[in-house]
Amino acid sequence: MTKTKIAIACQGGGSQTAFTAGALKALCDAQIGEEFQIVSISGASGGAVCAALVWYAMEKDETPPWGRLIEFWRDNTAQSWLEETFNSFLVGSLRMVNRGLLPTLQLSPSSSLLQNMVSAVTLGHREVFRDLRALLESHIDFDEIASWGPRKKRPILMIGAANVSTGKLTKFISVHHPIRVEHILASCAVPNIFPAVLIDGHAYWDGLFSDNPPLQELTRPDSVGAENLPEEIWLIKINPTTCEKVPELPDDIVDRRNQLEGNISLFQQLRHLEMINNMLLQNAFRPDYLAQLDIKAPVRIPRSFPTDPHRSYHIPCIEMPAELQNTLDFESKIDRSSSNIENLIEEGEKSARRFLQERAKAVSGQPPASTGEAP
């Protein structure tokens, strides 16, 4: 039986991407490899972290492939009373600032003053809790990855970041060069929290300013290879599309603004892919041009559940249920409490299982329930 080629794209969102970890765990537990062939995994920011951990485990043929991912989030969770106190103080202080109840002091994340302050308040914390580089290096052997060289083995890993100086949207892709810890750190470099990450003389910021997450590049033969073009893209989406009311309070405005910023590039990519897909369906390209790109229209353009090749284009989402989204705010993206992380992982597992059930119904011809797809 020919397996459907899929790509999995993981949106960024700080601690909220523990939801992504749960979703990836459920997909692995469902043994989707028996029916599908995962040809690529992409991610930005926290989504890049989750994607990289699962990709690395798959490269090493580890069982289960989500083991490293869940262990990462356990290490990233506040454990001692000191870490829990620090986490509560940090989240609570940010909430008060965003509500206009507490003034804020703007300091450069590169300044020695801020770095000394952070070192002082995190004294006694585990290194993997206070240092993202140390945490990543404790779960991924980047020296081993470097020894592999460019990796053509499936799945392909793609990480998004933004070049600060040139403004270019950059993709670090495993098929072209070995993935480095700096690539992931660059994708996670939120400007007001982390200094820009230098890679080969260029400075990079958070994947939020790039493609959140990379989608279009997953359909480009020159990026992933002609043999790795997906027939479907599954999107693990963190930022909600809609909100129930117009935000008026300062913290509600901050929250909604962050959600919109996190979705801008995603929706732009979706509209572009929809246009290309429609053009392919209408035979708008010369066959010789498509042959140069090794595109066999229209199946090479990812669609949702492929029961009808002429249906409107959309990408199915594994998305947080509205009930969960309504309990989360901007500050929860830095909340590393066990209650927040464990709940998000559990909800991610539930949502992924529900997604697979709805997909199976759609393919079998049964009317599916809402899949939470992006517009």
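Before any of the text, the structure's been laid out above.
Remember, it's a predicted structure, so these values are computed and weren't measured experimentally.

Student: Help me out: how do you make sense of empty space enclosed by the protein in this one?
Tutor: Gaps left between atoms show up when a probe the size of a water molecule is rolled over them. Per the stated rule, a full pass over the model turns up 1 cavity of 30 Å³ or more. In this model, the largest cavity occupies a volume close to 70 Å³. If you go around the largest cavity, the residues you meet are Q16, I238, N239, P240, D255, Q259, M320, Q325, L328, D329 and K333. Here the residues of the lining of the largest cavity sort into 4 nonpolar, 4 polar and 3 charged.

Student: What is the right way to read helix α1 (residues 18-29) from this model?
Tutor: Helical geometry note: an α-helix holds 3.6 residues per turn, so side chains three or four residues apart project in the same direction. Helix length check: α1 (12 residues) gives 17 Å between terminal C-alpha atoms against 16 Å at 1.5 Å per residue, within 8%. Across the 12 residues that make up α1, a large majority, 11, are buried. Among the residues making up α1, those that are buried are A18, F19, T20, A21, G22, A23, L24, K25, A26, L27 and C28. One or two positions beyond α1, positive phi appears at Q31, with a value near 55 degrees.

Student: Help me understand the layout of surface pockets in this model?
Tutor: Approximately 600 Å³ is the volume attributed to the second largest pocket. Elements that contribute at least two residues to the lining of the second largest pocket include exactly α11 (250-281) and α13 (322-325). Looking at the lining of the second largest pocket element by element, the count peaks at 5 residues for α11. Classifying every residue of the lining of the second largest pocket by side-chain character gives 7 nonpolar, 5 polar and 10 charged.

Student: Sorry, what's going on with a nonpolar patch on the surface here?
Tutor: There is a patch of nonpolar side chains on the surface, built from M96, L101 and L102 and spanning about 270 Å² of accessible area. On the basis of relative accessible area, L101 is assigned to the exposed category, the value being 59%.

Student: Just to check I follow, could you spell out the pairing of strand β7 (residues 232-237) for this structure?
Tutor: Two faces make up the sheet, and in a regular strand the side chains alternate between them. Most of β7 is tucked away: 6 of the 6 residues are buried. What you see with β7 is no split at all: E232, W234 and I236 on one side and I233, L235 and K237 on the other are buried throughout. The sheet contact formed by β7 and strand β8 (residues 317-319) spans 3 bridges and is parallel. For L235, the partnering residue across the bridge sits in β8 and is C317.

Student: Teacher, can you tell me more about the pairing of strand β1 (residues 4-10) here?
Tutor: Burial analysis of β1 places 7 of its 7 residues in the buried class, the great majority of the element. Of the two faces of β1, both are covered, the one formed by T4, I6, I8 and C10 as well as the one formed by K5, A7 and A9. Sheet topology note: the β1/strand β2 (residues 36-44) ladder contains 7 bridges and is parallel. Within β2, the residue paired with I8 across the bridge is I41.

Student: What is the right way to read the pattern of salt bridges from this model?
Tutor: Oppositely charged side chains can pair when the atoms bearing their charge come close. Counted according to the given criterion, the structure contains 27 salt bridges. Between E144 and K60 there is a salt bridge, and its shortest N-O distance comes to 3.1 Å. Of this pair, E144 sits in helix α8 (residues 142-148) while K60 sits in the loop between α2 (46-59) and α3 (67-75), placing them 84 residues apart in sequence. Of the residues examined, K60 reaches a relative accessible area of 30% and is grouped as partly exposed. The residue D211 makes a salt bridge to K171 at a minimum N-O spacing of 2.8 Å. Taken together, the residues span a long stretch of sequence, with D211 in the loop between β6 (202-205) and α10 (221-224) and K171 in strand β4 (residues 169-173) at a distance of 40 residues. On the basis of relative accessible area, D211 is assigned to the buried category, the value being 10%. In this structure K171 comes out as buried when scored by relative accessible area, which is 14%. Among the charged side chains, a salt-bridge network with shared partners connects R133, E137, R180, E182 and D200.

Calculation notes
- Residues numbered from 1 in each chain as written.
- Predicted model: local features only at pLDDT ≥ 70, side-chain atom pairs only at ≥ 80, totals over all residues.
- Heavy atoms only, no water.
- 1 Å grid on protein atoms, 1.4 Å probe; cavity = no way out; pocket = protein on both sides within 12 Å on 5 of 7 lines; lining within 4 Å.
- Points joined across faces, edges and corners; volume = space filled by probe spheres on them.
- Nonpolar A, V, L, I, M, F, W, Y, C, P; charged D, E, K, R; others polar.
- Helix = DSSP H or I, 4+ residues; strand = E, 2+ residues; numbered from the N terminus.
- Expected span 1.5 Å × (residues − 1).
- Buried < 20%, exposed > 50% of the residue type's maximum accessible area, 1.4 Å probe, protein only.
- Patch = residues over 30% accessible without salt bridge, like charges linked within 9 Å, V, L, I, M, F, W, Y side chains within 5 Å.
- Areas by Shrake-Rupley, 256 points an atom, 1.4 Å probe, with all protein chains shown as cover.
- Salt bridge = Lys/Arg side-chain N within 4 Å of Asp/Glu carboxyl O.
- Pairing = 2+ DSSP bridges.

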